[in-house]
Structure formats: structure tokens, C-alpha cells
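Remarks on the overall topology
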Amino acid sequence: VRKLCRQWTKFARKINKKISVNIINGDWGAYRSLMLIDIPLAEPEQSKKAFEETIKKELEKIGYSFIYNDFEDYVWSFLHECGHLCKPKEYRDAVYRKIANICGSLGMEKTANKIYFNLKEEKTATAWACKFAVNNYEMLLAEQRKIFYTYQNFFEKCIDKIEQE
């Protein structure tokens, strides 16, 4: 896991020298006061489709929908979290965020996603991510390859360990 964390940190520092990363067993998150991004060891399925749609809409809006499939979900998620840290600080709508969380806990996933992904800070982070991808396309492809190989090596070692037991 340390190698994964180091590779993500190298990637993050190409975007902003102050960003640190943490590999967790949970969901993506960004903490502005710490300049920290939580990266899940495995991509969570929750809200995945709704997030994909927001990225696709934003890319379409700026005329670059054709690059969506060039990057894996984890790269889009990472860029979105970077967007929370790299864009100007803005007001967080805690009330609507709480309502989205309540809807999600009640099994109203579609409603929760509609509220959540329309929060101004979420839309702004997504817009930042898409613009960054367009302006840094080649660098992102190279970093994606490095991250992929690091994951591949990590999981191969896990399999080897399991097979030895």
C-alpha cells in the first residue's frame, strides 16, 4: 500500500505541491484544511453512474466529450477531489449536503445523487477536473499508466501471498 500511496502522491504533487494522499478502505474525499485526498483502495460503486454522467456533461459542455473514455474512473475521481483543493474556496451548502446524505441512507440513491452532484462546490470541482484533463491530457495519460502498473503489481503480490497460504 505504501507504493500506491507514493505513486498517488507523485501524481498529486504534479498538480499541486501541497497535496498529500491517504489510501483508505472507504470513499473518495478531499480535506482542504489538510490539503489531503483520501483515495479508496478499491473504487466504490456507490454513486458511480451519477458521477460519470456529471463528468460527461461537463466535457460535452466544453466540447471535449471525446476524451472521457481515455481516462479510468479513478483518474476522474482523483481530479475531481483535486478540484476541491485547487479551486478558490467557496461556501459549502451544508443543509443540502445533509439532505443528500439522508436521502442516500433512506435508499433514495437517485434523489441523493441529484442533490449532491448539483451542489455548487461539486459542480465547480467537476468543472475544474475536466478543464485540467483537457489542458494536461498527455501528462494524465502517463500518470494513469504509472498508477495502473502500481495497482497491478500490488494486486499480483496479494494473489501470490494468498496462493502461498
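First, a word on what this report is: a plain description of the structure on this page. Keep in mind that this is a model prediction, so the values were computed, not measured. (Residues numbered from 1 in each chain as written. Predicted model: local features only at pLDDT ≥ 70, side-chain atom pairs only at ≥ 80, totals over all residues. Heavy atoms only, no water.)

1. Comments concerning a nonpolar patch on the surface
The grouping of Val95, Tyr96 and Ile99 at the surface amounts to a nonpolar patch, some 280 Å² of accessible area in total. Tracing the backbone through its elements, the reader meets Val95 in helix H4 (residues 94-105). Note on Val95: relative accessible area 56%, which makes it exposed. (Patch = residues over 30% accessible without salt bridge, like charges linked within 9 Å, V, L, I, M, F, W, Y side chains within 5 Å. Areas by Shrake-Rupley, 256 points an atom, 1.4 Å probe, with all protein chains shown as cover. Salt bridge = Lys/Arg side-chain N within 4 Å of Asp/Glu carboxyl O. Helix = DSSP H or I, 4+ residues; strand = E, 2+ residues; numbered from the N terminus. Buried < 20%, exposed > 50% of the residue type's maximum accessible area, 1.4 Å probe, protein only.)

2. Thoughts on unusual backbone geometry
With a phi angle near 50°, Met35 is a residue other than glycine that sits in the positive phi range. Along the chain, Met35 falls in the loop between strand S2 (29-31) and strand S3 (36-40).

3. Description of the sheet that holds S3
Read from one edge of the open sheet, three strands run S1-S3-S2, paired in mixed fashion. Every other strand in the sheet has two partners, leaving strand S1 (20-24) and S2 as the edge strands with one partner each. The sheet shows a mean angle of 20° between the axes of neighbouring strands, taken without regard to direction. The pairing of S2 with S3 spans three bridges and is antiparallel. Following the sheet pairing, Ala30 is matched in S3 by Ile37. Its contacts with the sheet place helix H1 (residues 2-15) against S1 and S3, and it is angled at close to 145° to S1. (Pairing = 2+ DSSP bridges. Axes fitted to C-alpha atoms, helices over the stretch in contact; angles between N-to-C directions. Contact = heavy atoms within 4.5 Å.)

4. A closer look at the pattern of salt bridges
Applying the stated criterion to the full structure yields four salt bridges. Here Glu58 makes a salt bridge to Lys61, at a shortest N to O gap of 3.3 Å. Of the two residues, Glu58 and Lys61 both sit in helix H2 (residues 48-61), three residues apart, roughly one turn of that helix. Residue Glu58 is classed as buried on the basis of its relative accessible area, which comes to 10%. Take Lys61: its relative accessible area is 66%, and that puts it in the exposed class. Here Lys146 makes a salt bridge to Glu143, at a shortest N to O gap of 3.2 Å. Of this pair, Lys146 and Glu143 both sit in helix H7 (residues 137-164), three residues apart, roughly one helical turn. Relative accessible area serves as the criterion here: at 38%, Lys146 is assigned to the partly exposed category. Looking at Glu143, the relative accessible area reads 1%, which means it is buried. A single salt-bridge network, built from bridges that share partners, covers Lys14, Glu143 and Lys146.

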